[in-house]
Amino acid sequence: MKIARFSHQDSIRFGIVDDRDLVVLDGDPMFAGFETTGERVPLVDAVLLAPVIPRSKVICVGRNYREHAAEFGNEAPTEPMLFLKPNTAVVGPGDAIVRPPQSERTDFEGELAVVIGSIAKNVAVERAAEVVFGYTIGNDITARDLQKRDGQWARAKGFDTFCPLGPVIETEFDVASATIESRLNGEVRQHTPLSDMVHSVADIIAYASAAFTLLPGDVILTGTPAGVGPFTAGDTLEVEISGLGVLTNTARNA
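Let's talk about the packing of aromatic side chains
What describes a pair of aromatic rings is the distance from one ring centre to the other and the angle between the planes of the rings. Here the structure, examined in full by the defined rule, presents four aromatic pairs. When the ring of F83 is compared with that of W153, the centres are 5.0 Å apart and the planes differ by 75 degrees; the resulting orientation is edge-to-face. Here F83 is found in strand β7 (residues 81-85), whereas its partner W153 is found in the loop between α3 (144-150) and α4 (154-158), with 70 residues between them in sequence. Note on accessibility: F83 and W153 belong to one class, buried. Look at Y135 and F173: their rings are 5.3 Å apart centre to centre, the planes differ by 45 degrees, and that puts the pair in the tilted class. Of this pair, Y135 sits in strand β12 (residues 132-139) while F173 sits in the loop between β14 (163-170) and β15 (179-184); the two residues are 38 residues apart in sequence, bridging distant segments of the chain. For Y135, a relative accessible area of 11% translates into the label buried. Assessed through its relative accessible area of 16%, F173 is described here as buried.

Brief notes about the sheet that holds strand β13 (residues 142-143)
Read across the open sheet, the three strands follow the order β13-β10-β18; overall the sheet is antiparallel. Single-partner strands in this sheet number two, and they are β13 and β18 (229-231). The sheet contact formed by strand β10 (residues 106-108) and β18 spans three bridges and is antiparallel. Bridging across to β18, D107 finds its partner in P230.

Comments concerning the pairing of strand β16 (residues 187-193)
Bridging between β15 and β16 involves six bridges; their strand directions are antiparallel. For E181, the partnering residue across the bridge sits in β16 and is H191. The hairpin formed by β15 and β16 contains two residues between the paired strands, and N185 there has a positive phi angle of roughly 50 degrees.

Focus: the nonpolar core
Within the largest apolar cluster, 34 residues are counted, with the highest numbers of intra-cluster contacts made by L165, V219, L221 and F231. Elements supplying a minimum of two residues to this core: β2 (11-18), β3 (21-25), β6 (58-62), β11 (110-116), β14 and β17 (219-221). Per element, the largest residue contribution to this core is three residues, and it comes from β14. Beyond its immediate stretch of four places on either side in the chain, V219 contacts V52, P54, K57, V58, I59, A113, V114, V115 and L165. Membership of the second largest hydrophobic core comes to 29 residues, among which are V114, I137, V175 and M197.

Considering unusual backbone geometry
Here G166 and P167 are connected by a cis peptide whose omega angle stands at 0 degrees. Examined against the element boundaries, P167 turns out to sit in strand β14. Residue D10 is not a glycine yet carries a positive backbone phi of 65 degrees. Within the secondary structure, D10 is located in the loop between β1 (2-8) and β2.

Section: the pattern of salt bridges
Here the idea is simple: oppositely charged side chains can pair when their charged atoms come close. This structure, assessed with the given rule, holds 18 salt bridges. A salt bridge links R183 to E240, with the shortest nitrogen-to-oxygen separation between them at 3.0 Å. Here R183 is found in strand β15, whereas its partner E240 is found in strand β19 (residues 236-241), with 57 residues between them in sequence. One salt bridge connects R189 with E187, and the closest N-O pair in it is separated by 3.4 Å. Note on E187: relative accessible area 47%, which makes it partly exposed. One salt-bridge network, in which partners are shared between bridges, spans K85, R105, D107, E109, D140, R144 and K157.

Digging into the layout of surface pockets
Empty space within the largest pocket amounts to approximately 250 Å³. Along its surface, the largest pocket is lined by 19 residues, and R63, F72, R144, Q147 and W153 are the ones closest to its centre. For the lining of the largest pocket, the secondary structure elements donating two or more residues are β6, α2 (66-71) and α3. Counting residues per element, the lining of the largest pocket draws most heavily on α3, at three residues.

What counts as what
Residues numbered from 1 in each chain as written. Predicted model: local features only at pLDDT ≥ 70, side-chain atom pairs only at ≥ 80, totals over all residues. Heavy atoms only, no water. Phe/Tyr/Trp six-rings, centres within 6.5 Å; stacked < 30°, edge-to-face > 60°. Helix = DSSP H or I, 4+ residues; strand = E, 2+ residues; numbered from the N terminus. Buried < 20%, exposed > 50% of the residue type's maximum accessible area, 1.4 Å probe, protein only. Pairing = 2+ DSSP bridges. Core = buried A, V, L, I, M, F, W, Y, C linked by side-chain atoms within 4.5 Å. Contact = heavy atoms within 4.5 Å. Salt bridge = Lys/Arg side-chain N within 4 Å of Asp/Glu carboxyl O. 1 Å grid on protein atoms, 1.4 Å probe; cavity = no way out; pocket = protein on both sides within 12 Å on 5 of 7 lines; lining within 4 Å. Points joined across faces, edges and corners; volume = space filled by probe spheres on them.

These figures capture arrangement, not role.
The following block contains the structure:
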């Protein structure tokens, strides 16, 4: 099922997407389950928000598609290359991506995002699916010039608005059969099957949970395929994953 976090009549709520309506839930389904209130809100009357605000962290995987690693002159790592974004970087569908004055080049990177649903530590690969609440779409915005200048990625990846997520969380999703496509002002820039990932979702969860405890609401961005590139103020960025929908954001300067 598709779960949305939305704003309606000055209230933030959760709902199950049912055709053109949202079936309103009694609370955050990650903690309160799927009890409904009996209320339905038309999708056209709701504003979709980031479907989850990570309680502690956004875990990202670098160079997880061989062709993306190659386009920057790198090899795909033999183990997942992890880095973190702060949860303050998260914005939702339709929100603006703000290009900071410190950077002259900001890049889009469309990615599959995994939402963790339970406390997880030292998770075995074969049990990784048990700790997944669902899947959504992410855009790992990067200040590319700062990434090269700093020598590490925290600032370049961590500015406010640099982690768009949405539009919804899908609790039942087949990674192996899906494709990801990123578009800049309608022009396709990335188009790749998710099966091209070097390290699978299960492998990433196992590897990350061996390093630090995963908490409900944590998000894992699983890496981006080849085709990333710069965008400027006024541009529209779309990331589409079959079965998950389209995440759309526009860019502006700070």
